[in-house]
Amino acid sequence: MSRTRLLVPLILSFNALIPAIGLPAQDAPPKNRNIRWGMPSTTTTADPANKDDYLIDRPQYVMSYSDKKKTANWVSWNLIKTDIGRVARGSFEEDPDLPKGFARVQFESYTGSGMDRGHLCPSKDRSAREADNDAVFLMTNMVPQCSSCNQKGWERLESYCRDLAEDGKDLYIVAGPHGLGGQGDDKQKKISIGRNPPFVTVPASVWKVILVLPNRAAAPNNTARLIAVWMPNDPTVTDDWPKYRVSVAEVEKKTGLNFFPLIPGDVATELKAKVDDVKVVVPPRN
Amino acid sequence: MAKANPVEKALAEASKGLLYPSETDAGFEAFSWPGSVAAPTAAEVLVACGAKAKASIEEGTLTEFFRAVPKSRRGDFLALAAALVDHLSHVKVFKVGNIQRTAYIVGVTADGKWAGIKTALVET
């Protein structure tokens, strides 16, 4: 047997092994910048049969949607300075890209419910172009949120993230609802809202996980900043969002999700165990 | 309070029963202010509506304002849009405040006053 005849099958079988091993170093980062450090759940395709973990992949964000809850499970987006602009706000519309067999929530489902149409990916995070803003006004990006939560702590954290982005930071944000039953500012406990079907599930809490990188070129190492919050969907929420900080590990435990799986394991474990303790002063409202 | 101003009356009629959808839903209220033949400036709106002089105010257009109305409901707003154009010139939209905001859609009446409609918005 010649050397060549021996080598060829060896090389072929070695190459075939690489994808099977799935070495992270061999993988190109995801094309969609919104999931640069990976998606938090294992769903990888938009499969209409997968009604409670249906993937929606847009240039503006990536989302897992639940037709059972009629809200997203999570929304993931990247936030940098150039995402923030001054376009006029879009209109709340049904999501035209939900497949057949999925109920499409209309903006009217929230009318008179006592709950706000709370954006998961906020309007101002996609305000540089009209098309970007329209995408975050699709009803799949909304959760029924208590006004105090939406307009106080949750909003203050959104503004804080935009301040970091304006300062040149590169942010990877994942947000979602959790649990069943929240409370409006009217103190009424609500399991779901809507006068007619489809009824939208009111979450008991909302959570957010934020990876803050110093710039676009930086990769996460053990000095990266990870912020996580867990907020009740009720009137107790105040402007003081830092007091809702928890570890990412805690959010993972409660949701069963695995955030930023493309961050090397040892770095991720260390970062996720910590509760962000950067001193934050919430500015007074003007 | 007597609503002597016929423009105010017409705008109240045209906006009756309408809800403007922001992160909440809110009805409209017509108003008239003493004014002039020129459109009000942002500073003049703050004085007329009784807001603090340093309150946040953002000026926009009627087109931008109606952009936020869902497509399925734009028809409901046609009569209001027509009434605003019929009764007012130099129509502008001013959003006063942050998060819980008031939108003033205001223009100049034929007899040189300012009139319009206002609604509450939640914009986070």
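That block above? That's the structure.
Below is a summary of the structure that appears in this document. Owing to the predicted nature of the structure, the values given are computational and were not obtained by experimental measurement.

### Side note on the interface of chain A and chain B
Logical step 1: Listed per partner, the contact involves 18 residues of chain A and 19 residues of chain B.
Logical step 2: Sorting the residues of the side of chain A that touches chain B by element identifies strand E4 (116-119), helix H3 (147-151) and helix H4 (153-166) of chain A as the ones contributing at least two each.
Logical step 3: At 3 residues, E4 of chain A tops the list of elements feeding residues into the side of chain A that touches chain B.
Logical step 4: Taken together, the residues of the side of chain A that touches chain B break down into 4 nonpolar, 7 polar and 7 charged.

### Some thoughts on unusual backbone geometry
Among all residues save glycine, negative phi is the norm, and among peptide bonds the norm is trans.
Residues and elements named next belong to chain A.
Logical step 1: Cis geometry is adopted by the peptide bond preceding Pro198, which originates at Pro197 and carries an omega value of 0°.
Logical step 2: With respect to the helices, strands and loops of the structure, Pro198 is situated in the loop between strand E9 (192-193) and strand E10 (200-201).
Logical step 3: A positive phi angle, close to 65°, is found at Lys70, a residue other than glycine.
Logical step 4: Residue placement: Lys70 occurs in the loop between strand E2 (62-66) and strand E3 (71-79).
Logical step 5: With 25 C-beta atoms counted inside 10 Å, the residue Lys70 sits in the buried group.
Logical step 6: With a phi angle near 45°, Phe260 is a residue other than glycine that sits in the positive phi range.
Logical step 7: In this structure, Phe260 sits in the loop between helix H5 (248-255) and helix H6 (265-273).
Logical step 8: For Phe260, a count of 24 C-beta atoms within 10 Å puts it in the buried group.

Quick notes on the rules
Residues numbered from 1 in each chain as written. Chains lettered and ligands numbered in written order. Predicted model: local features only at pLDDT ≥ 70, side-chain atom pairs only at ≥ 80, totals over all residues. Contact = placed C-beta atoms within 7 Å. Helix = DSSP H or I, 4+ residues; strand = E, 2+ residues; numbered from the N terminus. Nonpolar A, V, L, I, M, F, W, Y, C, P; charged D, E, K, R; others polar. Buried ≥ 20, exposed ≤ 12 C-beta atoms within 10 Å, placed from the backbone.

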